[in-house]
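# Architecture and fold: a report
Here's the letter readout for the chains.
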Amino acid sequence: MTFYLPGFRSFPKLWMSTPSLELGPATSPVFFFLPVTRNQHRRFSVKATPPPNSKAMNLLLAKARTPKKGNYSNRQGSSDHYFAAGAAKKRSHLTSNPQQREHAPSHVMSTIKLPTKPLSSGEWDKLKEDFNGKASFEDWVISQMVRSSSSVDAAKSLLAWVAAKNNGIVGYNLLVKYLYLCVSHKQTSEVIDVYEIMKAKYKCLETAANTILIRGLIHSDRWREALLLLEDIKKVMVPSKRNYNDCIQGALLHQDVDVAWSLYKELVGHNLIPLLETLKAFFDFGKDINDDHYLDKLLDILLYLRNNHLYPGESFAHSIKTWFESIPGRQWEGQFTTVQRSGHCSSCGRALESIHLSPEEYEFLKGEIMRDVIVGGDQYKKTTPQELKRFQNFVNSCPPFDIVIDGLNVAKMFFKSRESQILLNVVSQLAQQNLRLLVLGRKHMLMPSSRWRKDEMEQVRKQAHCFFADNISKDDPFLLYATLNSGNHCKFITKDLMRDHKACLSDVRSQHLFFKWQQGHQMAIMNNFQRSKLTFQHTLSYDTVVQTTGDSWHIPYDEDLVQRSSCEVPTKWLCLQQKTQAPARS
Ligand SMILES: [Zn+2]
């Protein structure tokens, strides 16, 4: 694709043939001709706008083609638990003011309308006259063009206009942003042209430009040059997972499996978590390959997902299914399904791995929480050592509890009712089930007031063990301590998701164990609370993680239409069974 301005040839050629190009750095305007060397990276740092969010895009596309669905699709499944993907979002929608949910006003646009087609020099001059922003006009326009993914032709006419006015000189920023636009529109020949220009101009590019070039080159016959650019990045820093993704995709696109795997090995060797699309690419490529070595590597990727608690997206799950079903002679069959509350797969009936921690895991987690959350960390020293001691003595003097209740949090759950009344209601209903209860509260709850009635609090104290901390104390560490100290059977009630505490744990393994323990032990009260009736959202009995028995795989995955927060787990599963084995039904 070439664009001609009156009097000019195609832009890159015009640019290349400009006499000023032959001038050395010393005689050229510093801002443009300075060769970019390693210690000047900062100076030339170009922050490209990230590509349009592909997940959001998929979401829109999917919305466009999917008829309107209900909020839930499978009552048999267990997608209504507290940690179900999208549940937090639903909860926040239920409680927030509808007006607050409206989108924030889009950022104020300048009065200038971005051109959608190439402009002549005169038209650009006119546009610049109308511009009253503080930034440089050219920089502002190209940034807006990148943001709104303008046509390459329109951007090219801007660069041609700038070049014509500046003796063929186009600033580095402008050029990199133009390159970004060409790459995002997959205009490979244009990318190659700009690549040639930049190679001629600069001895070494900074990482942002290399990143864009890599992405643009992998689709062309010159994809191996992207590997050289990756080497350039390595001289300065560890390349990003996005850089590795692009190079791996390029290698697979050109059937060079060995290069792809060695890049993958390097990526993981840097302790980078690969992008899911990188892993998906290996599966997509794998369905045309009949090679046991390759097969083993894909199974390793699945175990990698398991160990790192990663979940494939919907299209990745489809790729995994397709690949399994394509393995000759193995007769795999995949089904998309859900898991029943009992922890059995709705498709094959197998029981999934239990959510419960092994005794070793439990002891390990308990030790970590005591050390990192309750005792250590200044951030959580919201209590005095004396009070902590008083609490520990209190807990140790009581028999183990069945349920620990965050009194303040529970009492404030339904803001139309009186706090002490709600707390009493919760406590009474649990006490009727002969459960040994601990209510954690603050001292101010004992001061009679309209919200905390004395008679109701006395009834609470009759039915449950109670500990009232100083008003300045933080409740959660006490809640965690009392629950963990009571043993693996003990559950707790709070609406708090305790993300801060999870973050406080020192390593990923303890964080995963904490989340697993939380899913199996945190009880939540349903929103349809009425004075007389109390229902709890069930806790999960099975672990939501990639798992295998050899002749079966169960792989949780994220749906495109559901936004899952980090404190939630997917509810949809891919069940894979090897048909040659006897079906294991329970
Ligand atoms: Zn199954």
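Residues numbered from 1 in each chain as written. Predicted model: local features only at pLDDT ≥ 70, side-chain atom pairs only at ≥ 80, totals over all residues. Heavy atoms only, no water.

### Side note on the overall build of the chain
We apply this condition: Comment: elements are numbered from the N terminus, with helices defined as DSSP H or I runs of at least four residues and strands as E runs of at least two. Only protein chains enter the area calculation, which uses a 1.4 Å probe; residues under 20% of their type maximum are buried, those over 50% are exposed, and those in between are partly exposed. In this analysis, two residues are considered to be in contact whenever any of their non-hydrogen atoms come within 4.5 Å of each other. Methods summary: accessible areas were calculated by the Shrake-Rupley approach with a probe of 1.4 Å, and residue burial reflects only the protein chains presented.
A tally of regular secondary structure across the chain gives 26 helices and 10 strands. With 586 residues in all, the chain has 49% of them scored as buried. A separation of at least 24 residues holds for 73% of the contacts in the chain among residues at least 6 apart in sequence. Looking at the chain as shown, the accessible area adds up to about 29,500 Å², and 52% of this sits on carbon and sulfur atoms.

### Here we look at the pairing of strand S3 (residues 437–442)
So the rule is basically this: Any two strands with at least two DSSP bridges between them are considered paired. By convention, a crossover is right-handed whenever its connection, traced from the first strand over the helix to the second and viewed with the strands pointing away, goes clockwise.
Counting buried positions along S3 gives 6 out of 6 residues, so the element sits mostly inside the fold. Neither face of S3 is exposed, since Leu-437, Val-439 and Gly-441 on one face and Leu-438, Leu-440 and Arg-442 on the opposite face are all buried. Here S3 pairs with strand S4 (residues 465–469) via 5 bridges, running parallel. Within the sheet, the bridge partner assigned to Gly-441 lies in S4 and is Phe-468. For the handedness criterion, the β-α-β arrangement of S3, helix H23 (residues 454–463) and S4 is classed as right-handed.

### Describing the confidence of the model for the chain
The predicted coordinates of low-pLDDT regions are not to be read in fine detail. Test applied: What pLDDT reports is the predictor's confidence in each residue, on a scale of 0 through 100.
The predicted model of the chain averages 80 in pLDDT, with 79% of residues at 70 or higher. Contacts for the low-pLDDT stretch residues 1–76, under 50 throughout, to residues beyond four places or in other chains number 112 contacts. Here residues 98–109 scores under 50 on pLDDT; set against residues more than four positions off or in separate chains, the count is 4 contacts.

### What to know about the packing of aromatic side chains
The cut-off we apply is this: The rule is short: rings of Phe, Tyr and Trp, with Trp giving its six-membered ring, pair when the centres are within 6.5 Å, and they are stacked under 30 degrees, edge-to-face over 60, tilted in between. In this analysis the charged atom, NZ for Lys or CZ for Arg, is taken to sit over a ring once it is within 6 Å of the ring centre and within 35 degrees of the ring normal.
If you walk through the whole model with that rule in mind, you get 25 aromatic pairs. Ring geometry for Trp-323 against Phe-324: centres 4.9 Å apart, planes inclined by 65 degrees, an arrangement best described as edge-to-face. Of the two residues examined, Trp-323 and Phe-324, each falls in the buried class. Note on Phe-391 and Phe-478: the rings are 4.6 Å apart at their centroids and 75 degrees apart in plane angle, and the pair reads as edge-to-face. Separated by 87 residues along the polypeptide, Phe-391 in helix H20 (residues 385–397) and Phe-478 in helix H24 (residues 475–486) bring together distant segments of the chain. Side by side, Phe-391 and Phe-478 carry an identical accessibility label, which is buried. Three or more aromatic residues joined by ring pairs make a cluster, and in this case those are Phe-283, Phe-316, Trp-323, Phe-324, Trp-332 and Trp-553. Between Arg-509 and the ring centre of Phe-364, over which it is positioned, the NZ or CZ distance is 4.3 Å.

### Section: the coordination of the zinc ion
For a metal with four tetrahedral donors the ideal donor-metal-donor angle is 109.5 degrees, whereas six octahedral donors ideally subtend 90 or 180 degrees. This is how it is decided: Any N, O or S atom lying within 2.8 Å of the metal counts as a donor, with the limit raised to 3.2 Å for Na, K and Ca; because water is left out of the atom set, some sites can appear incomplete. A four-donor site is called tetrahedral if each angle lies between 85 and 135 degrees; a four-donor site is square planar, and a six-donor site octahedral, when trans pairs exceed 155 degrees and the remaining angles lie between 65 and 115; all other cases are labelled irregular.
At this site the zinc ion is bound by Cys-345 (SG), Cys-348 (SG), His-554 (NE2) and Cys-575 (SG), with donor distances of 2.0 to 2.3 Å. One can describe the site at the zinc ion as tetrahedral: its 4 donor atoms subtend angles covering 105 to 113 degrees at the metal. Read from N- to C-terminus, the donor residues coordinating the zinc ion fall into the pattern C-x2-C-x205-H-x20-C. Taken as a pair, Cys-345 in the loop between strand S1 (332–337) and helix H19 (359–375) and Cys-575 in strand S10 (residues 572–578) lie far apart in primary sequence, 230 residues in all. The exposure classification of Cys-345 matches that of Cys-575, with both residues buried.

### Some remarks on the nonpolar core
Across soluble globular proteins, nonpolar side chains show a tendency to be buried alongside one another. Which entries qualify depends on this criterion: Working definition of a nonpolar core: buried Ala, Val, Leu, Ile, Met, Phe, Trp, Tyr and Cys residues. They are joined through side-chain atoms within 4.5 Å.
Ranked by size, the top nonpolar core spans 89 residues in total, and within it Met-145, Met-198 and Phe-282 carry the most contacts. Ranked by residue count, the leading element in this core is helix H10 (residues 172–184), at 10 residues. The next biggest cluster of nonpolar side chains, apart from the first, holds 32 residues, and it includes Leu-479, Leu-484, Met-498 and Leu-505.

### Quick word on the pattern of salt bridges
For clarity, the threshold we go by: Salt bridge criterion: a side-chain nitrogen from Lys or Arg within 4 Å of a carboxyl oxygen from Asp or Glu.
Applying the stated criterion to the full structure yields 27 salt bridges. Its salt-bridge partner being Arg-451, residue Glu-419 comes within 2.3 Å of it at the nearest N-O pair. Within this pair, whereas Glu-419 is found in helix H22 (residues 419–431), its partner Arg-451 is found in the loop between S3 and H23, the two being separated by 32 residues in sequence. In this structure Glu-419 comes out as buried when scored by relative accessible area, which is 6%. Accessibility expressed as a relative area gives 38% for Arg-451, which makes it partly exposed.

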